[in-house]
Amino acid sequence: VRSWPKSAPTSLEELRAGGKPALARLLSAIESYEGHPQLISLLDEALQNPMAHVVALTGPPGVGKSTLTNAMISEYRGADKSVGVIAVDPSSQVTGGSLLGDRTRLSTDPEDQKIFVRSMAARDRLGGLSEHAIAAVILMRAVMDRVIVESVGIGQSEADVALVADSCVLCIQPGSGDSLQFMKAGIMELPDIICVTKADMGDVASRSRADVEGAMSLSARQGDWKVPVLMLSALDSTGLNDLVEACDQHVIALSERGELVQQRGEQVKAWLVDQLKVQFGQHGVAVLQASGVRWEEAVKRPFAFKQETSETFAAFWKSFS
Ligand code: GDP
């Protein structure tokens, strides 16, 4: 086993004490130390100790996600909350496990110790979250007050952010007919909050909002939470406060019903099963199931579990050769 870099944190306590430099080193280790026992134990520890409320912003390119992310960072910083941002860039895909640098359209104060922005390559053209991006969210969630995951919606990324976000915000471009398209794609069930952007465009924005509300009334979404349809302009800051408020209300509603912990637990299990399927196939997962795997234990330390499973399977195949 390669030795863990001296400057990188070895525990959540060190990560929290180390501020931005420690987080930066650890995020780099996600790519270059994949499978390292130290990284695995830190990821599992971070997973067990969530601090931030994770908000996902999705929507088609050009809808205003980056602009909105910038505006939300300011809102949160104004309330003295620390913010971590993962911007998933669908135009660049993960190649050979390497990630892009910090190419980002976000303009934040580099001196501010309570803002941390990372831009990461997407898993595929549809903007799906890579395994690295998910690990990064888990680490940031353990040290920040708020985490924003910005990714292009429609398709895989919608489903992927639902694996890590507490609240999903779908952004809709005024006058685009997006809502109808989303209805057809069956993704209207995923967002917890919908916002029509660029409210400063006037009537066209109001009409889109009415369309979305109409579409939502037909949606099959279950449960107690009524999905708010907001209208905002990141340009002149109208409605921004309502969005921040709606996100907070959503997570409060989840907590009050005891659903936050439950939702996060289900997310971990769904993510773990997905990972296992990718690595060992449907049959591999069936073998695990048949061997009486205890999921309630596995989800407490999914990263270690995945690694151990990998070693078990490797030993198993070796016994045949
Ligand atoms: P993204 O691709 O979803 O991240 O969208 P961007 O944030 O890059 O915004 C796309 C374009 O919409 C840019 O030209 C922005 O200046 C513009 N834009 C973003 N927010 C607003 C807004 O609230 N009002 C108006 N009028 N334009 C906006």
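Residues numbered from 1 in each chain as written. Predicted model: local features only at pLDDT ≥ 70, side-chain atom pairs only at ≥ 80, totals over all residues. Heavy atoms only, no water.

Draft legend 1. Layout of the pattern of salt bridges. By the definition in use, this model includes 12 salt bridges. Across the pair aspartate 166 and arginine 264 runs a salt bridge whose closest N-O atoms are separated by 2.8 Å. Taken as a pair, aspartate 166 in the loop between helix H5 (156-161) and strand S5 (167-172) and arginine 264 in helix H9 (residues 259-290) lie far apart in primary sequence, 98 residues in all. Notably, a salt bridge pairs arginine 257 with glutamate 259, separated by 3.1 Å at the nearest N-O pair. Since its relative accessible area comes to 33%, arginine 257 is described here as partly exposed. (Salt bridge = Lys/Arg side-chain N within 4 Å of Asp/Glu carboxyl O. Helix = DSSP H or I, 4+ residues; strand = E, 2+ residues; numbered from the N terminus. Buried < 20%, exposed > 50% of the residue type's maximum accessible area, 1.4 Å probe, protein only.)

Draft legend 2. Focus on unusual backbone geometry. Of note, the phi angle at lysine 198 is positive, near 55 degrees, even though the residue is not glycine. Looking at where lysine 198 falls in the secondary structure, it is placed in the loop between strand S6 (193-196) and helix H7 (203-217). Residue lysine 198 is classed as partly exposed on the basis of its relative accessible area of 26%. We note that serine 237 has phi near 70 degrees; this positive angle belongs to a residue other than glycine. Counting through the fold element by element, serine 237 comes out in the loop between strand S7 (229-231) and helix H8 (240-256).

Draft legend 3. Structural context of the layout of surface pockets. Volume-wise, the largest pocket comes out at about 400 Å³. Taken together, 23 residues form the lining of the largest pocket, with Ala162, Asp192, Gln263, Glu266 and Gln267 sitting closest to its centre. Broken down by element, the residue count for the lining of the largest pocket peaks at 6 residues, all from H9. When grouped by side-chain class, the residues that make up the lining of the largest pocket number 9 nonpolar, 6 polar and 8 charged. If you count residues domain by domain, the lining of the largest pocket takes at least three from each of domain 2 (51-257) and domain 3 (258-321). (1 Å grid on protein atoms, 1.4 Å probe; cavity = no way out; pocket = protein on both sides within 12 Å on 5 of 7 lines; lining within 4 Å. Points joined across faces, edges and corners; volume = space filled by probe spheres on them. Nonpolar A, V, L, I, M, F, W, Y, C, P; charged D, E, K, R; others polar. Domains from an automatic or database assignment.)

Draft legend 4. Fine view of empty space enclosed by the protein. Taken as a whole and assessed by the stated rule, the structure comprises 1 cavity of 30 Å³ or more. Roughly 100 Å³ of internal volume is contained in the largest cavity. In terms of lining residues, the largest cavity is bounded by Leu47, Ile134, Val137, Ile138, Arg141, Leu163, Val164, Arg264, Gln267, Val268 and Trp271. Counting only elements with at least two residues in the lining of the largest cavity, the list comes to helix H4 (131-141) and H9. Residues that form the lining of the largest cavity fall into these classes: 8 nonpolar, 1 polar and 2 charged.

Draft legend 5. Examining helix H11 (residues 302-318) more closely. Its 17 residues give H11 an end-to-end C-alpha distance of 24 Å, which sits within 8% of 24 Å, the value for a rise of 1.5 Å per residue. What H11 keeps buried is the set Pro302, Phe303, Ala304, Phe305, Lys306, Thr309 and Phe313. Tucked into the core, H11 has its buried residues touching helix H2 (37-48), H4, H9 and helix H10 (295-298). (Expected span 1.5 Å × (residues − 1). Contact = heavy atoms within 4.5 Å.)

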